[in-house]
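Survey of secondary and tertiary structure
If you want the building blocks of each chain, they are given just below.
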Amino acid sequence: MTTTPLTSPEPTATARLRTLVGEVRAAAARGLPPGPTARLVAERLAPHLGASDLLTDAQCEGDPARYRQHVLHAEPDGSFSLVALVWLPGQATPVHDHVAWCVTGVHRGEEHERRFRLVPDGAAARLVATEDVVNARGTVAALAPPGDIHLVRNGGTETAVSLHVYGADITRLSTSIRRVYRLPVDA
């Protein structure tokens, strides 16, 4: 799996996006542990999802080869970044977890997500699928490592757009993914 490379934040920010960034900044600045921070950020993200004035048309453009990442904001102190992911039908991530807390919200379309649990298996490990969910427009999820292992795909027939807020500057790290799992999976 390859994704489009991360680039510097895109220069165009709508007024609503600037408001969202300010709300995320205030939540992240509270200095809470990852789980509560992710839940606070999820509460801030939810009211903006689906709003026609949140993203520009360019920030909703996909890539026929792979899902596309549009970096919308990276906080200068590295405390968080905001990315729009655009998924054409059939595009998916590998099974992965994250480098930091993560909040996802579906802005347009729907995303299909399979969540996993890592279990020991003798001298190795395997993944057990724990839940399959369809995240419709407006759905928000707050994730915090460890245990945030999932696969996301566009299982629908229309383009899907989701916003992802990460508790790190992923432009500096070049990815939000901590580990890609290529272990046996119990469905």
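Structure: above.
On a predicted model such as this, the values are computed, not experimentally measured, just so you know. (Residues numbered from 1 in each chain as written. Predicted model: local features only at pLDDT ≥ 70, side-chain atom pairs only at ≥ 80, totals over all residues. Heavy atoms only, no water.)

Turning our attention to the overall build of the protein chain. Counting its regular elements, the protein chain contains three helices and 11 strands. When the helices and strands of the protein chain are listed from N to C terminus, the series reads α-α-β-β-β-β-β-β-β-β-β-α-β-β. Burial analysis of the protein chain (187 residues in total) assigns 47% to the buried set. Intrachain contacts of the protein chain at a sequence separation of at least 6 include 80% that bridge at least 24 residues. Counting every atom, the protein chain has about 8800 Å² of accessible surface; 50% of that belongs to carbon and sulfur. For the protein chain, the separation between the mean place of its 19 positive charges and that of its 20 negative charges on side chains is 3 Å. (Helix = DSSP H or I, 4+ residues; strand = E, 2+ residues; numbered from the N terminus. Buried < 20%, exposed > 50% of the residue type's maximum accessible area, 1.4 Å probe, protein only. Contact = heavy atoms within 4.5 Å. Areas by Shrake-Rupley, 256 points an atom, 1.4 Å probe, with all protein chains shown as cover. Lys, Arg positive; Asp, Glu negative; His and termini not counted. Charge placed at Lys NZ, Arg CZ, Asp CG, Glu CD.)

Scanning the entire structure with this criterion turns up eight salt bridges. The salt bridge partner of Arg44 is Glu43, with a shortest N-O separation of 3.4 Å. A residue is classified by how much of its surface remains accessible, and Glu43, at 52% relative accessible area, is exposed. Linking Arg114 and Asp132 is a salt bridge whose minimum nitrogen-to-oxygen distance equals 2.7 Å. Of the two residues, Arg114 is situated in strand β5 (residues 110-121) and Asp132 in strand β6 (residues 124-136); the sequence distance between them amounts to 18 residues. Each of the salt bridges in this network shares a partner with another, and the network as a whole consists of Glu113, Arg115 and Glu131. (Salt bridge = Lys/Arg side-chain N within 4 Å of Asp/Glu carboxyl O.)

Burial analysis of strand β1 (residues 68-74) places six of its seven residues in the buried class, the great majority of the element. Looking at chain direction, β1 and strand β2 (residues 81-87) are connected through six bridges and run antiparallel. Following the sheet pairing, Gln69 is matched in β2 by Leu85. Hairpin connection, β1 to β2: the antiparallel pair is bridged by six residues, and Gly78 has positive phi, about 80°. (Pairing = 2+ DSSP bridges.)

As a further point, take the nonpolar core. Counting residues in hydrophobic clusters, the biggest one holds 25 residues, and the most contacted among them are Leu20, Leu55, Leu82, Val103, Leu163 and Val165. For this core, the secondary-structure elements that each account for two or more residues are α1 (15-28), α2 (34-45), β2 and β9 (160-166). Core analysis: the second largest hydrophobic core is formed by 11 residues, Val71, Trp87, Cys102 and Tyr166 among them. (Core = buried A, V, L, I, M, F, W, Y, C linked by side-chain atoms within 4.5 Å.)

Moving on: the pairing of strand β7 (residues 140-143). Alternating residues of β7 divide into Ala141 and Leu143, all buried, and Val140 and Ala142, none buried. Of the pairings in the sheet, the one linking strand β4 (residues 102-108) to β7 comprises four bridges and is antiparallel in character. Looking across to β7, one finds that Thr104 is bridged to Ala141.

Turning next to the environment of Leu55. Here Leu55 shows up in the loop between α2 and β1. For Leu55, a relative accessible area of 8% translates into the label buried. Remark: the alpha-carbon pair of Leu55 and Ala13, spanning 42 residues in sequence, is separated by 7.5 Å. Once residues lying within four places of it in the same chain are set aside, the contact partners of Leu55 are Thr14, Cys60, Leu72, Ala84, His107, Val161 and Leu163.

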